[in-house]
Amino acid sequence: MPQFMDVHHGMEGITADQLNQAHQADLDIEKDEGVHFEKAWADPASGTVYCLSEAPSAEAVQRIHERAGHKADEIHPVPLTV
C-alpha cells in the first residue's frame, strides 16, 4: 500500500499529550478509509506536525484528518524508503 507523509502547520506549543490525542483520533476512525497512521512527530516551537501513514490515496488520508478535526496542510507521497 502507498505511504504518505502529511504536514500540519499552526500547532505551536503542542504537547505530547495533545499529539497523542490527535493521533488517537485518527486511529479511532482510520479503518473507515482503509488508512493506517503509523507514527506522528511534532516540533512545538515551529508548530509543525508530521504524520506517516499507509493509505489507498492522499484523499483518504485527508478525509480521516478532516473528520478527526485536524486537516493536513500538505500530503506527500513517499514512494521510496530505505
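Looking at an unreviewed UniProt entry, the protein carries the name Guanylate cyclase, with the source organism given as Streptomyces lacrimifluminis.

Undergrad: Tell me about the sheet that holds strand S2 (residues 36-43), and name the residues and values.
TA: Within the open sheet, the four strands sit side by side as S2-S3-S1-S4. Their pairing is antiparallel. If you trace the sheet from one side to the other, it starts and ends with S2 and strand S4 (74-77), each paired once. If you compare each strand with its neighbour and ignore which way they point, the axes differ by 20° on average. Two elements, strand S1 (residues 3-8) and S4, share four bridges in a ladder whose sense is antiparallel. The residue of S4 that forms the bridge with Val 7 is Glu 74. In this fold helix H1 (residues 16-29) packs onto S2 and strand S3 (48-54), with an angle of close to 160° to the strand it touches most, S2. On the sheet, helix H2 (residues 58-68) packs against S1, S2, S3 and S4 and is oriented at approximately 40° with respect to S1.

Undergrad: I'd like to hear about the side chain of His 8, residue by residue, with values.
TA: Relative to the assigned elements, His 8 resides in strand S1. With a relative accessible area of 2%, His 8 lands in the buried category. There is a polar contact of 2.9 Å between the side chain of His 8 and the side chain of Asp 6. Setting aside residues up to four positions removed in sequence, His 8 forms contacts with Gly 47, Thr 48, Val 49, Cys 51, His 65, His 70, Lys 71, Ala 72 and Asp 73.

Reading guide: rules and limits
Residues numbered from 1 in each chain as written. Predicted model: local features only at pLDDT ≥ 70, side-chain atom pairs only at ≥ 80, totals over all residues. Heavy atoms only, no water. Pairing = 2+ DSSP bridges. Helix = DSSP H or I, 4+ residues; strand = E, 2+ residues; numbered from the N terminus. Axes fitted to C-alpha atoms, helices over the stretch in contact; angles between N-to-C directions. Contact = heavy atoms within 4.5 Å. Buried < 20%, exposed > 50% of the residue type's maximum accessible area, 1.4 Å probe, protein only. Polar contact = N/O pair within 3.5 Å; in protein donor to acceptor, adjacent residues only side chain to side chain.

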